[in-house]
Amino acid sequence: MKDRKKLYLISFVLLSVFLITSGFHEVYGQAKKNKVRLKADYVKLMDREIYLDIKATSKIEKKNVKVPNIEVTIYNEFNDEEIELGTTITNMKGESKFVIKDLSDIKADSTNVYNIILSFRGNDYFKKASKSISFKDAEIKANLLTKDSLNYIKATLIDKSKDSVIVGESLDVQVQRLFRSLKIGEEFNNTDESGTIIVPIEEGIPGVDGNLTIEVVLNDHDEFGTVKTFVNAPIGTPIVDESTFDQRTMWSPRNKTPMFILIFTNLLIIGIWSILLYLTINLFKISKTKN
Amino acid sequence: MKNYDKLINDLAPRKFGKIGVIWTSLLIVIIIIGLVAYIDQIRQGQVVTNMRDYALWGIYISNFVFFVATSFVGSITVAILRLTNNTWRTPLVRIAEIISVAAIIMAGITIMIDMARPDRILNLFIHARLQSPITWDVIIIPTYIVISLLLLYFPLLPDLAILKKHFNKKSPKLSRIYGFLSLNWSGSKAQKILQEKSIKIIAIMIIPVGILLQTIDAWLFSTTYRIGWDSTNFAPYFISGAFVAGVGALITVIYIVRRVKKLENYIKDSHFDKLGKLLVLACLIYLYFNINEYLIPAFTAKKGEAVHLDTLFTGHYATLFWLVTIGGLVIPIVVLLFKNGRKPLPMFFIGLIVVIGSWWKRYVIVTPTLLHPFLPIQGVPESWRHYFPSLHEWLITIATLAMALLIITLLVRYLPVIPIQRTADEQELLKTDKNSES
């Protein structure tokens, strides 16, 4: 009898341990929701597009993880009113790009500041979250200068809200490359009292047909966000295409076999097999020769 | 006339004895086992082999290279000796032609075994790139098969006609087959002219084609820019190696055929002596190219080459490398330099170790290089760093060797291994010479 009681007790303890470590834990894990951290950067590409660069992350088990597939709604805050601009869904990297078709579609406050609110309603796994950002409209006017056979890029940074130049801000000047832009000039190119920088472009930068795309960037500014303009400059060294793609080479596909290989090999094959054919005919002749 | 009948009796094919039946049955059993292994390889894929990303050419390719090398015997012994009017060649040439045919047919089959998808073999022709040495190989092997068959067949015509008559009463069925194959040979002047002209053309043609075959085989390796293969010397190295393998195989087969068929009156000790001299010449030339192949990379000691040579000289492949070099090359040279070493029995053993050495030599050429790639072997299972053939590979390879031996056995069984008509003509010629001298 005592043994049976002991057996029940042991069974109960084992069952409890099993439930706690497996099923209960799962249920508990599902019930706990994590916080989402939203981040948004305002980016203006001059004469191209304006967008919000959105990132969603969450701290789960002391690790920052990207939060994919959550719907973020974007509002324009104006006079204590939230006007919905649209929604976007984060990709597998927890990132999303929300394009603002035209800045005139959204309204700025009395100080010409645009206020944007990003909102996530929450779901089964994550709590609701929001983030607000503010920015002013700025632009960069840039052009190419040639003085004494030397090329320069001249750029002026303008605060559109006041229609005045911005003084003492650093602009990056860089040449567009395949993987990452190549920075040129000094490390800091601060705008002067006329809001302008002049940066020399060194010679010999290679470009397709000699064309370079030069970018002037105000990078991640507290007030104006990121503003980037592009200047096409036909001052690069043309890239000489060394590809043998269209040539007949030993490494080409079969339709571009070098002529000497085609001629020599085929001559050999035809020559040898003609002789073999002749020999076979000789066998036939032998069999037909009368005694 | 009596002598002529005796000659035909001596040289005409005879039924297998007890040993012949056992030998043939054994070969057939080995082939069947290999066939089963091959079917399993097709079913499961090449995962049954031990070839992986690095050792992607294994025993099949080294076996293929061995067969290609051995087939060279047709070019050298038959064609060269024929063109240089060496009359002592007569009792040896047919066996050389038979070995050549068997070896080149098996080379073609072996390369197909190495293909993971033999059903796609036509793609080799349909999508062939003429820039690729593999395409050249695909073209040259069937060409060499046809030439070797013609080289065997043309000189056979008079003998087939003789055998037709010989088996007329004994075995009418066999007689009919010989009759069909003899192409109505009557020995007329017109037929002889056509035959002699054709043989001369083949004898001339098989030399460049044979050299081309060995060269392409070498270029399969040397055009890949790999350590141990990247050598301008590789084609002559392969040609001289083929010379050794071919003559070695010829000596071995000749000894066995002479003994089994009791042809001591036709294949004399002097033939072995001459073949011994030919083999020692071949071995010396091959040794010279070996020294070139290994000494210069060892002297210049580029990093990759040094690692490769270390593996061969003192490392993982050292035992095999030195056995092949000393056993398969140096010892034969030393033995064959002595007259007693060129007697039939020592020659048989020398021939045998030369053939075995030649087979393993191809293995030493193919495998170690593949295990020394330019980029370090990383992120792969440990077993991929080494290569030793799997059971499937061994069974299939042994079966291909057995198949080559079976082809030789059957041809030796049904064809006169010594040209009857030519031997008769030569003996007649000798008589005439003696008469004229006296």
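Residues numbered from 1 in each chain as written. Chains lettered and ligands numbered in written order. Predicted model: local features only at pLDDT ≥ 70, side-chain atom pairs only at ≥ 80, totals over all residues. Heavy atoms only, no water.

1. A look at the overall build of chain A
Part 1 of the argument: When you go through chain A residue by residue, the secondary structure sums to two helices and 18 strands.
Part 2 of the argument: The globule rule puts the C-alpha radius of gyration for 291 residues at 19 Å, and the 35 Å found for chain A is more than 25% above it.
Part 3 of the argument: The principal-axis extent of the C-alpha atoms belonging to chain A is close to 115 × 105 × 35 Å.
Part 4 of the argument: Across the 291 residues in chain A, those meeting the buried criterion constitute 36%.
Part 5 of the argument: Here the analysis covers contacts within chain A between residues at least 6 apart in sequence; of these, 51% occur between residues at least 24 apart. (Helix = DSSP H or I, 4+ residues; strand = E, 2+ residues; numbered from the N terminus. Rg over C-alpha atoms; globule rule 2.2 N^0.38 Å. Buried < 20%, exposed > 50% of the residue type's maximum accessible area, 1.4 Å probe, protein only. Contact = heavy atoms within 4.5 Å.)

2. Observations regarding the nonpolar core
Part 1 of the argument: In terms of nonpolar packing, the biggest core is built from 142 residues, with Ile95, Phe154, Phe221, Leu275 and Leu279 of chain B touching the most fellow members.
Part 2 of the argument: By residue number, the principal contributor to this core is helix α7 (residues 133-170) of chain B, which donates 18 residues.
Part 3 of the argument: What Phe154 of chain B contacts, discounting residues up to four positions off in sequence, is Leu279, Asn282, Leu283 and Ile286 of chain A together with Gln195, Ser198, Ile199 and Ile202 of chain B.
Part 4 of the argument: Listed in part, the 24 residues of the second largest apolar core include Ile50, Val72, Phe98 and Ile106 of chain A. (Core = buried A, V, L, I, M, F, W, Y, C linked by side-chain atoms within 4.5 Å.)

3. A look at the packing of helix α4 (residues 73-83) of chain B against helix α5 (residues 90-113) of chain B
All names here are of chain B.
Part 1 of the argument: For the pair α4 and α5, interaxial distance at closest approach is 8 Å and the crossing angle is 150°. Classified by the angle their axes make, α4 and α5 are roughly antiparallel. Seen along the crossing, α4 lies across α5 with a hand that is left-handed. Contact residues: Val73, Gly74, Thr77, Val78 and Arg82 in α4; Val93, Ala96, Glu97, Ile99 and Ser100 in α5.
Part 2 of the argument: Across the contact of α4 with α5, the residue classes break down as five nonpolar, three polar and two charged. (Axes fitted to C-alpha atoms, helices over the stretch in contact; angles between N-to-C directions. Parallel < 35°, antiparallel > 145°, perpendicular 65-115°, else oblique. Left-handed = near helix turned anticlockwise from the far one by under 90°. Nonpolar A, V, L, I, M, F, W, Y, C, P; charged D, E, K, R; others polar.)

4. Focus: α5 of chain B
Part 1 of the argument: Counted at 1.5 Å a residue, the expected span for α5 of chain B with its 24 residues is 34 Å, and the 36 Å between its end C-alpha atoms agrees.
Part 2 of the argument: Across the 24 residues of α5 of chain B, 20 count as buried, placing the element largely inside the fold. (Expected span 1.5 Å × (residues − 1).)

5. Some words on the pattern of salt bridges
Residues and elements named next belong to chain B.
Part 1 of the argument: Throughout the structure, instances matching the rule amount to 20 salt bridges over all chains.
Part 2 of the argument: The closest approach of N and O atoms between Glu97 and Arg82, which form a salt bridge, is 3.6 Å. Linking Glu97 in helix α5 with Arg82 in helix α4, this pair joins segments that are 15 residues apart in sequence. Each member of the pair, Glu97 together with Arg82, is buried.
Part 3 of the argument: Across the pair Asp273 and Arg342 runs a salt bridge, and its minimum N-O distance is 2.8 Å. Here the residue Asp273 occupies a position in helix α11 (residues 269-300), and Arg342 occupies one in the loop between α13 (318-336) and α14 (344-370), the gap between them amounting to 69 residues. (Salt bridge = Lys/Arg side-chain N within 4 Å of Asp/Glu carboxyl O.)

6. Quick word on unusual backbone geometry
Part 1 of the argument: At Asp148 of chain A, a residue that is not glycine, the phi angle is positive and equals roughly 50°.
Part 2 of the argument: Within the secondary structure, Asp148 of chain A is located in the loop between β9 (138-147) and β10 (150-159).

7. Describing the environment of Ile100 of chain A
Residues and elements named next belong to chain A.
Part 1 of the argument: With respect to the secondary-structure elements, Ile100 resides in strand β6 (residues 95-100).
Part 2 of the argument: Judged by its relative accessible area of 5%, Ile100 falls in the buried class.
Part 3 of the argument: Sequence separation between Ile100 and Asp47 is 53 residues; the distance between their C-alpha atoms is 13 Å.
Part 4 of the argument: What Ile100 contacts, discounting residues up to four positions off in sequence, is Ile50, Tyr51 and Leu52.

8. Section: the confidence of the model for chain A
Part 1 of the argument: Looking at chain A, pLDDT values average 89 and 91% of them are 70 or higher.
Part 2 of the argument: Note on residues 23-29 of chain A: pLDDT under 50 across the span, and four contacts to partners over four residues away in sequence or across chains. (pLDDT = per-residue confidence, 0-100.)

9. Here we look at the sheet that holds strand β7 (residues 114-120) of chain A
All names here are of chain A.
Part 1 of the argument: With respect to topology, four strands assemble into an open sheet ordered β5-β4-β7-β8, the strand pairing being antiparallel. Strands with a single pairing partner mark the edges of an open sheet, and in this sheet they are β5 (81-89) and β8 (129-135). Going across the sheet, the axis of each strand differs from the next one's by a mean of 25°, ignoring polarity.
Part 2 of the argument: Sheet topology places strand β4 (residues 71-78) next to β7; five bridges connect them, and they run antiparallel. When the bridges of β7 are listed, Ile74 appears paired with Leu118. (Pairing = 2+ DSSP bridges.)

10. Concerning the pairing of β9 of chain A
Residues and elements named next belong to chain A.
Part 1 of the argument: The pairing of β9 with β10 spans 10 bridges and is antiparallel. Within β10, the position partnered with Lys147 by the bridge is Leu150.
Part 2 of the argument: Hairpin connection from β9 to β10: two residues lie between these consecutive antiparallel strands, with Asp148 at a positive phi of about 50°.

11. Concerning the packing of helix α3 (residues 59-70) of chain B against helix α10 (residues 234-260) of chain B
Residue and element names in this part refer to chain B.
Part 1 of the argument: Between α3 and α10, the shortest axis-to-axis distance is 7 Å and the interhelical angle comes to 75°. By the criterion of interaxial angle, the relationship of α3 to α10 is roughly perpendicular. Where α3 approaches α10, its residues Val65, Ala69 and Thr70 are matched on the opposing element by Phe238, Ala242, Ala245, Gly246 and Ala249.
Part 2 of the argument: Residues belonging to the contact of α3 with α10 are distributed by class as follows: six nonpolar, two polar and no charged.

12. Considerations on the interface of chain B and chain A
It is common to give the size of an interface as the accessible area that goes away when the parts come together.
Part 1 of the argument: Each partner contributes residues to the interface: chain B has 32 residues there, and chain A has 29 residues.
Part 2 of the argument: Around 2,400 Å² of area is buried between chain B and chain A when both sides are counted, 73% of it from carbon and sulfur atoms.
Part 3 of the argument: Interface area lost by chain B to chain A is led by Leu130, Gln131 and Leu194 of chain B, which between them contribute 25%.
Part 4 of the argument: Viewed at the interface, chain A and chain B are joined by zero salt bridges.
Part 5 of the argument: The interface formed by chain B and chain A includes 12 residue pairs in polar contact (both at pLDDT 80 or more). (Buried area = accessible area lost by both parts, 1.4 Å probe. Polar contact = N/O pair within 3.5 Å; in protein donor to acceptor, adjacent residues only side chain to side chain.)

13. Digging into the packing of aromatic side chains
Part 1 of the argument: Counting across every chain of the model gives 30 aromatic pairs over all chains.
Part 2 of the argument: A centroid spacing of 5.0 Å and a plane angle of 80° characterise the contact between Trp359 of chain B and Trp360 of chain B, whose relative ring orientation is edge-to-face.
Part 3 of the argument: Classification of Trp359 of chain B by relative accessible area gives buried; the value is 8%.
Part 4 of the argument: An aromatic cluster of at least three residues, connected via ring pairs, comprises Trp57, Phe221, Trp229, Phe234, Tyr237, Phe238 and Tyr286 of chain B.
Part 5 of the argument: Above the ring of Phe245 of chain A, the side-chain terminus of Lys256 of chain A is found at 3.9 Å from the ring centroid.
Part 6 of the argument: When the ring centre of Tyr414 of chain B is taken as reference, the NZ or CZ atom of Arg413 of chain B above it lies at 4.2 Å. (Phe/Tyr/Trp six-rings, centres within 6.5 Å; stacked < 30°, edge-to-face > 60°. Lys NZ or Arg CZ within 6 Å of the ring centre and 35° of its normal.)

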